[in-house]
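# Secondary and tertiary structure notes
Here are the chains, one letter per residue:
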Amino acid sequence: VQLQASGGGLVQAGDSLRLSCVVSGGTFTIGTVGWFRQVLGKEREPVAAIPWRGGIGHYVESMKARFTISRDNAKRTVYLQMNSLKPEDTAVYYCAADPRRRVGVTPSSQYAYWGQGTQVTVSS
């Protein structure tokens with residue numbers, strides 16, 4: 001399974017970005033796709049997750065109001081729509097796949113496959 005994240009960039013506070021994660025190779029083995037983010041020197045933290053086949057997205061509570069995770073199985077893509085961005089959202093954002101179908105947000109240790117990350121920088 002390979003994941004390719006894209007869509008990051010430099011934006012101003014209050015702007016929006018949509019990240020994309022294209023999944024390829026063995027998608028039949030995937031149960032859940034999640035988004036994570038990591039600031040240099042800090043642990044990678046979960047943002048949101050969604051089952052690969054049916055079901056709704058789940059979020060870390062602090063991001064629920066501004067972020068939306070969705071999927072398009074025909075395009076093998078999972079999206080993370082981020083609105084009202086804040087400087088503290090600055091991080092490298094990663095998508096990852098877990099072979100098991102999960103309900104809720106789970107830690108990075110549960111995920112077997114990772115994309116390369118895309119940088120999001122929010123200026124004040």
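Up top you'll find the structure we're talking about.
### Thoughts on the overall build of the protein
Each helix and strand counted, the protein has zero helices and 11 strands in total. Counting helices and strands in the order they occur from the N terminus, the protein gives β-β-β-β-β-β-β-β-β-β-β. Scaling as 2.2 N^0.38, a compact globule of 124 residues should have a C-alpha radius of gyration of about 14 Å, and the protein matches this with 13 Å. Projected onto its principal axes, the C-alpha coordinates of the protein cover approximately 40 × 30 × 25 Å. Looking at the 124 residues of the protein, the share that counts as buried comes to 40%. Here the contacts in the protein between residues at least 6 apart in sequence split such that 58% fall between residues at least 24 apart.

### Quick look at the state of the cysteines
Applying the stated rule across the entire model yields one disulfide. Here Cys21 engages in a disulfide with Cys95; their sulfurs sit 2.2 Å apart. Residues Cys21 and Cys95 are joined through a disulfide that is right-handed, its torsion about the S-S bond being 75°. Placement of Cys21 in strand β3 (residues 17–24) and of Cys95 in strand β9 (residues 91–98) is noted, with a sequence separation of 74 residues between them. One exposure class covers both Cys21 and Cys95, and it is buried.

### Here we look at the environment of Tyr59
Tracing the backbone shows Tyr59 in strand β6 (residues 58–59). Along the backbone, Tyr59 and Gly34 are 25 residues apart, and their C-alpha atoms lie at a distance of 9.6 Å. Other than its neighbours up to four places away in sequence, Tyr59 contacts Val47, Ala48, Lys64, Phe67, Thr68, Ile69 and Val105. In this structure the side chain of Tyr59 is engaged in a polar contact, spanning 2.9 Å, whose partner is the backbone nitrogen of Ile69.

### Brief notes about the sheet that holds strand β1 (residues 2–6)
Strand order in the open sheet formed by four strands is β1-β3-β8-β7, with antiparallel pairing between adjacent strands. Strands at the two margins of the open sheet, each flanked by one partner only, are β1 and β7 (67–72). When strand polarity is set aside, the average angle formed by the axes of neighbouring strands in this sheet is 15°. Bridge analysis of β7 against strand β8 (residues 77–82) gives six bridges, and the strand direction is antiparallel. The partner of Phe67 across the bridge, within β8, is Met82.

### Details of the packing of aromatic side chains
Scanning all chains against the criterion turns up four aromatic pairs. With 4.9 Å between their ring centres and 80° between their planes, Phe36 and Tyr111 make a pair best called edge-to-face. Taken together, the positions of Phe36 in strand β4 (residues 32–38) and Tyr111 in the loop between β9 and β10 (113–114) put the pair 75 residues apart, joining distant regions of the chain. Taking relative accessible area as the criterion, Phe36 reaches 1% and is therefore assigned buried.

The rules behind each value
- Residues numbered from 1 in each chain as written.
- Predicted model: local features only at pLDDT ≥ 70, side-chain atom pairs only at ≥ 80, totals over all residues.
- Heavy atoms only, no water.
- Helix = DSSP H or I, 4+ residues; strand = E, 2+ residues; numbered from the N terminus.
- Rg over C-alpha atoms; globule rule 2.2 N^0.38 Å.
- Buried < 20%, exposed > 50% of the residue type's maximum accessible area, 1.4 Å probe, protein only.
- Contact = heavy atoms within 4.5 Å.
- Disulfide = S-S within 2.5 Å.
- Polar contact = N/O pair within 3.5 Å; in protein donor to acceptor, adjacent residues only side chain to side chain.
- Pairing = 2+ DSSP bridges.
- Axes fitted to C-alpha atoms, helices over the stretch in contact; angles between N-to-C directions.
- Phe/Tyr/Trp six-rings, centres within 6.5 Å; stacked < 30°, edge-to-face > 60°.

Read these as spatial facts, not as claims about activity.
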